[in-house]
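Residue-level structure breakdown
Residue-level listing of the chains:
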Amino acid sequence: MAFVNGNYGKLKESYLFANIAEKVAAFQAAHPERKIIRMGIGDVTLPLAPVVVDAMAKAVAEMGKKETFRGYGPEQGYGFLHDAVVKYYTSFGVTLDTKEIFISDGAKSDCGNITDIFSDANVILLPDPVYPVYNDTNVMRGRKILFMKGRPENDFLPVPDDSVKADIIYLCSPNNPTGAAYSKEQLEQWVAYAKKNDAIILYDAAYEAFIDEDDATPRSIFTVAGAEDCAIEMCSFSKTAGFTGTRCGYTVVPLGLKRKAENGREMFLNKMWLRRQTTKFNGVPYIVQRGAEAALSPEGLEQCRANIRYYKENCRIMGEILDALGIRYYGGKRSPYIWMQCPNGMKSWDFFDLLLTKFAIVGTPGSGFGTMGEGYFRLTGFGSREDTVEGMERLKEGFDRV
Ligand SMILES: *Cc1c(COP(=O)(O)O)cnc(C)c1O
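The present account deals with the structure reproduced in this document. (Residues numbered from 1 in each chain as written. Predicted model: local features only at pLDDT ≥ 70, side-chain atom pairs only at ≥ 80, totals over all residues. Heavy atoms only, no water.)

Here we look at the packing of aromatic side chains
Think of a pair of aromatic rings as described by two things: how far the centres are apart, and how the planes are tilted against each other in angle. Using the criterion set out here, one finds 25 aromatic pairs in the structure. Between the aromatic rings of tyrosine 88 and tyrosine 89, the centroid separation amounts to 6.3 Å while the plane-to-plane angle is 80°, which identifies the pairing as edge-to-face. Classification of tyrosine 88 by relative accessible area gives buried; the value is 5%. By relative accessible area, which is 1% here, tyrosine 89 ends up buried. Summarising the aromatic geometry, the rings of tyrosine 207 and tyrosine 337 are spaced 5.3 Å apart at their centres and angled 70° between planes, so their arrangement reads as edge-to-face. (Phe/Tyr/Trp six-rings, centres within 6.5 Å; stacked < 30°, edge-to-face > 60°. Buried < 20%, exposed > 50% of the residue type's maximum accessible area, 1.4 Å probe, protein only.)

See the structure below:
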């Protein structure tokens with residue numbers, strides 16, 4: 001008899017985006033004349049940078065010629081992309097070995113797949129609210145999960161509490177959905193906690209490129225001394241270079257990082273991840289890796305930064321009007337997300353309904369990101385400038401009448 005993984009039965013049905021889509025469709029059907037402004041998008045909308053497109057076109061041409069055709073590549077990525085990532089990290093003061101970099105089809109897969117190399121006996125510690133993938137992938141393994149509360153009092157940046165005993169800690173900085181980013185001092189506290197407890201930090205840096213170059217906020221956990229003994233970092237070209245549909249990311253596993261198995265045997269996590277990837281993954285397309293390499297070239301970085309500036313300007317425009325309306329919000333400065341408090345103590349879904357029915361604006365209910373997200377709402381800067389301005393004008397003109 002085949003048994004299924006019963007842990008899947010413990011997952012909450014993910015109604016969030018399906019519910020949103022359903023409500024929006026019903027509203028549009030009832031009001032075909034209303035133009036809906038979508039400010040809930042968690043996806044980039046600007047096209048790929050021209051140098052990325054050129055590099056991929058060139059790679060396609062290479063694939064079409066016998067002399068330059070390529071089949072399977074190295075599972076952990078091509079050397080040229082490792083070199084580009086090493087150089088990129090140097091720009092924020094981190095020295096990596098090329099063997100520490102594993103190219104993948106994105107940070108979501110890596111966040112989920114990394115669970116393979118850890119024992120199910122580990123206790124997991126997650127920020128709340130946060131990207132739901134960390135929770136769900138660990139529920140699938142039946143692991144015990146603890147939560148640390150993100151609230152205005154801690155700027156949505158929980159720091160370690162010695163009374164909490166956890167083995168694997170997920171940090172997302174800048175955070176999706178709150179936009180909050182840990183300072184160097186706060187990351188030092190996490191590294192100290194991890195070392196004291198022999199824990200591992202899984203650090204999701206998907207939004208690091210939204211931190212300005214002259215901002216001292218860390219772009220990588222490896223800017224903190226000692227992190228190489230207790231952290232793994234995931235990053236992605238998705239939000240950095242608009243690769244959400246192109247698919248490329250990377251995970252950094254320090255060469256010296258080791259922990260014991262339950263039988264007492266000490267093992268290197270880099271070796272384990274290499275074994276895992278070479279066994280279960282066959283690499284990212286050559287064409288895509290050439291595109292990613294181009295995104296990290298000086299010209300590519302400039303073109304990608306221009307897109308990020310565009311999204312952040314949308315956030316600035318949103319923030320200006322929320323300020324004028326006296327609505328409290330967080331984020332937007334180091335991320336494409338504005339995390340706003342629902343006015344008058346409203347619940348997330350009630351506020352969603354109000355925005356949709358009164359203003360034809362769609363956002364994301366904060367409660368979809370964790371218990372602590374209740375009463376909050378996520379707006380994103382990923383829309384067009386025109387839509388962002390129009391949406392915020394609607395709020396500015398009508399908000400005091402709701
Ligand atoms: C968008 C996002 C990612 C990126 O996932 P990809 O699979 O690389 O597209 C990872 N982590 C967080 C928190 C995100 O919001």
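That was the structure; now back to the text.
Things to note about the pattern of salt bridges
One pass over the structure, following the stated rule, counts 22 salt bridges. Salt-bridge contacts for aspartate 229 lead to lysine 195; the nearest nitrogen and oxygen are separated by 3.6 Å. Residue aspartate 229 is found in the loop between strand E6 (200–204) and strand E7 (231–236), and its partner lysine 195 is found in helix H6 (residues 184–196); the two are separated by 34 residues along the sequence. With relative accessibility at 36%, the residue aspartate 229 sits in the partly exposed group. Note that arginine 305 and glutamate 302 form a salt bridge whose closest N and O atoms lie 3.8 Å from each other. Of this pair, arginine 305 and glutamate 302 are both found in helix H10 (residues 298–325), three residues apart, which corresponds to roughly one turn of the helix. (Salt bridge = Lys/Arg side-chain N within 4 Å of Asp/Glu carboxyl O. Helix = DSSP H or I, 4+ residues; strand = E, 2+ residues; numbered from the N terminus.)

Topic: the sheet that holds strand E8 (residues 249–252)
The mixed open sheet is built from seven strands, whose spatial order is E2-E8-E7-E6-E5-E3-E4. Edge strands, defined here as strands with exactly one partner in the open sheet, are strand E2 (101–104) and strand E4 (144–149). Pairs of neighbouring strands in the sheet enclose a mean axial angle of 20°, with direction left out of account. As judged from the four bridges shared by E7 and E8, these two strands associate in the antiparallel manner. Among the inter-strand pairings, glutamate 233 is bridged to a residue of E8, identified as valine 252. Helix H3 (residues 79–90) contacts E2, E7 and E8 of the sheet and is inclined by roughly 115° relative to E2. (Pairing = 2+ DSSP bridges. Axes fitted to C-alpha atoms, helices over the stretch in contact; angles between N-to-C directions. Contact = heavy atoms within 4.5 Å.)

So, the side chain of threonine 137
Among the structural elements, threonine 137 can be located in helix H5 (residues 133–139). A polar contact of 2.8 Å, which involves the side chain of threonine 137, links it to the backbone oxygen of valine 133. (Polar contact = N/O pair within 3.5 Å; in protein donor to acceptor, adjacent residues only side chain to side chain.)

Re the sheet that holds strand E11 (residues 329–331)
Pairing is antiparallel in the open sheet, where four strands are placed in the order E11-E12-E15-E14. Across the chains shown, the open sheet's two edge strands, defined by having one partner strand only, are E11 and strand E14 (364–365). Relative to strand E12 (residues 337–341), E11 runs antiparallel, the two being bridged by three bridges. In the sheet register, tyrosine 330 faces E12, and the bridge partner there is tryptophan 339.

Describing H10
The end-to-end C-alpha distance of H10 is 40 Å, a good match for the 40 Å that 28 residues give at a rise of 1.5 Å each. Looking at the residues trailing H10, positive phi occurs at glycine 326, about 70°. (Expected span 1.5 Å × (residues − 1).)

A few points about the nonpolar core
In this structure, Leu81, Tyr89, Ile201, Phe237 and Tyr250 are the most contacted members of the largest nonpolar core, which totals 73 residues. The contacts of phenylalanine 237, once residues within four sequence positions are left out, are Leu81, Gly242, Phe243, Cys248, Gly249, Tyr250, Ala292, Ala295 and Leu296. Counting 30 residues, the second-largest nonpolar core is a separate cluster that includes Ile20, Met39, Cys315 and Phe359. (Core = buried A, V, L, I, M, F, W, Y, C linked by side-chain atoms within 4.5 Å.)

Some points on the pairing of strand E5 (residues 168–172)
Of all five residues making up E5, five are buried, and the element is well covered by its neighbours. With burial as the criterion, each face of E5 is covered, one bearing Ile168, Tyr170 and Cys172 and the other bearing Ile169 and Leu171. As judged from the five bridges shared by E5 and E6, these two strands associate in the parallel manner. Following the sheet pairing, leucine 171 is matched in E6 by tyrosine 203.

Quick notes on the site of the ligand
Near the ligand, the surroundings consist of 14 residues, among which Asp204, Tyr207, Ser236, Ser238 and Lys239 are the closest. In the model, an oxygen atom of the ligand is placed 2.7 Å from a nitrogen or oxygen of the alanine 107 main chain. In the model, an oxygen atom of the ligand is placed 2.6 Å from a nitrogen or oxygen of the serine 236 side chain. Protein coverage of the free-state accessible area of the ligand, which is 390 Å², stands at 93%. (Near = heavy atom within 4 Å. Areas by Shrake-Rupley, 256 points an atom, 1.4 Å probe, with all protein chains shown as cover.)

Focus on the environment of cysteine 235
In this fold, cysteine 235 is placed in strand E7. According to the relative accessible area criterion, cysteine 235 is buried, its value standing at 0%. Residues cysteine 235 and alanine 49 lie 186 residues apart in sequence; the distance between their C-alpha atoms is 19 Å. Those residues in contact with cysteine 235 that sit more than four places away from it in its chain are Tyr89, Ala107, Ala205, Ala206, Glu208, Gly249 and Tyr250.

Taken by themselves, the reported measurements are silent on function.
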